[in-house]
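Read off the chains here:
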Amino acid sequence: LFETQVAERAVAAIQIGDAVQVSIDALGASLQGEVQRRVASGDPVTRRFQVKVRLPRAEGLLPGMFGRALFTVGTRPAILVPAEAVVERGGLRGVYVVGDDARVRFRWLRTEDASGQGVTVSAGLDGGERIVVAPPRDMREGDLVAAPAGVS
């Protein structure tokens with residue numbers, strides 16, 4: 001069993017049987033585990049609770065190895081944009097949004113993180129807005145754009 005400590009604010013969202021991604025540093029690998037037990041009483045000083053995760057057998061996995069557990073404790077809708085659509089200006093990030101008039105407007109964004117799926121936008125865009133993916137370096141506010149054939 002892999003044992004870890006979870007913050008008080010997150011422990012209620014963790015249930016027996018939940019999937020957990022555990023990265024074991026010494027193996028250089030991630031294993032898919034499952035929550036087996038959530039200890040009912042927390043540490044009164046750290047306000048952390050022990051969670052035990054069952055891991056599959058893996059070659060080289062030994063008791064006492066260090067790892068990191070990634071729990072999903074909630075979901076929320078998010079807007080993802082392709083990383084190549086994000087432009088930096090003066091250390092701030094934004095995208096070119098295409099208006100109904102086919103002209104582009106630069107929009108500052110607040111972003112959270114980048115992953116293989118894209119950049120998560122927490123403020124600055126509404127769902128359904130059209131953006132320019134991989135804008136040319138010389139694109140400017142008000143430029144007129146046309147969608148490639150077959151794209152609306």
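Conventions used here
- Along each chain, numbering runs from 1 in the same order as the chain's sequence is written.
- Local features are withheld for residues below a pLDDT of 70 in this predicted model, meaning they are given only at 70 or higher, and side-chain atom pairs are given and counted only at 80 or more; totals for whole chains, interfaces and linings count all residues.
- With hydrogens and water excluded, all non-hydrogen atoms of the structure serve as input to the side-chain values.
- Numbered from the N terminus, helices here are DSSP runs of H or I no shorter than four residues, and strands are runs of E no shorter than two.
- A carboxyl oxygen of Asp or Glu within 4 Å of a side-chain nitrogen of Lys or Arg is what we treat as a salt bridge.
- Type-normalised accessible area, obtained with a 1.4 Å probe on protein chains alone, sets the label of each residue: buried when under 20%, exposed when over 50%, and partly exposed for intermediate values.
- Distance and chemistry together define a polar contact, namely a pair of N or O atoms within 3.5 Å, with one atom able to donate a hydrogen and the other to accept it when in protein, and with adjacent residues in sequence counting only for side-chain atoms on both sides.
- The contact criterion used throughout is that any non-hydrogen atoms of two residues lie within 4.5 Å.
- In plain words, nonpolar cores are sets of buried Ala, Val, Leu, Ile, Met, Phe, Trp, Tyr and Cys residues tied together by side-chain atoms within 4.5 Å.
- DSSP calls a pair of strands paired once it identifies at least 2 bridges connecting them.
- Every angle, taken between N-to-C directions, lies between 0 and 180 degrees, and every axis is a line fitted to C-alpha atoms, over only the stretch in contact when it is a helix.

Draft legend 1. Representation of the environment of Gln117. Within the element layout of this structure, Gln117 appears in the loop between strand 10 (110-115) and strand 11 (118-123). Residues Gln117 and Leu80 lie 37 residues apart in sequence; the distance between their C-alpha atoms is 7.5 Å.

Draft legend 2. The arrangement of the pattern of salt bridges in detail. Across all of its chains, the model carries four salt bridges by this definition. The partner of Asp101 in a salt bridge is Arg105, with the nearest N and O atoms 3.4 Å apart. Since its relative accessible area comes to 41%, Asp101 is described here as partly exposed.

Draft legend 3. Here's a closer look at the environment of Asp101. Looking at the secondary structure, you find Asp101 in the loop between strand 8 (92-98) and strand 9 (104-108). Linking Asp101 and Glu141, residues 40 residues apart in sequence, is a C-alpha distance of 13 Å. One polar contact links Asp101 to Arg105, side chain to side chain, over a distance of 3.4 Å.

Draft legend 4. Seen up close, unusual backbone geometry. In this structure, Arg47 is a non-glycine residue whose phi angle is positive, near 60°. With respect to the helices and strands, Arg47 occurs in the loop between strand 3 (29-38) and strand 4 (48-54). Positive phi values are uncommon outside glycine, yet Ala134 reaches one of about 55°. Summarising the element assignment, Ala134 is placed in the segment after strand 12 (130-131). When its relative accessible area of 48% is taken as the criterion, Ala134 is described as partly exposed.

Draft legend 5. Representation of the environment of Leu61 within the structure. Considering the arrangement of structural elements, one finds Leu61 in the loop between strand 4 and strand 5 (67-70). Of the residues examined, Leu61 reaches a relative accessible area of 26% and is grouped as partly exposed. Separated by 32 residues in sequence, Leu61 and Ala29 have C-alpha atoms that sit 10 Å apart. The residues touching Leu61, leaving out its near neighbours within four places in the chain, are Ile24, Leu27, Leu31, Leu55 and Pro56.

Draft legend 6. Examining the nonpolar core more closely. Core analysis: the largest hydrophobic core is formed by 15 residues, its most contacted members being Val6, Val22, Val51, Val53, Leu55 and Phe71. Elements with a minimum of two residues in this core: strand 1 (2-7), helix 1 (8-11), strand 2 (19-24), strand 3 and strand 4. The contacts of Leu55, once residues within four sequence positions are left out, are Phe2, Val22, Ile24, Leu31, Gly33 and Leu61. Val81, Val86, Val95 and Val97 belong to the second-largest nonpolar core, a separate cluster that totals nine residues.

Draft legend 7. Inspection of the sheet that holds strand 2 at higher detail. Strand order in this open sheet of five strands is 1-4-3-2-5, and the pairing throughout is antiparallel. What marks the edges here is a single partner per strand, and that holds for strand 1 and strand 5. Geometrically, the sheet is characterised by an average inter-axis angle of 45° between neighbouring strands, direction not taken into account. As judged from the six bridges shared by strand 2 and strand 3, these two strands associate in the antiparallel manner. Among the inter-strand pairings, Ser23 is bridged to a residue of strand 3, identified as Ser30.

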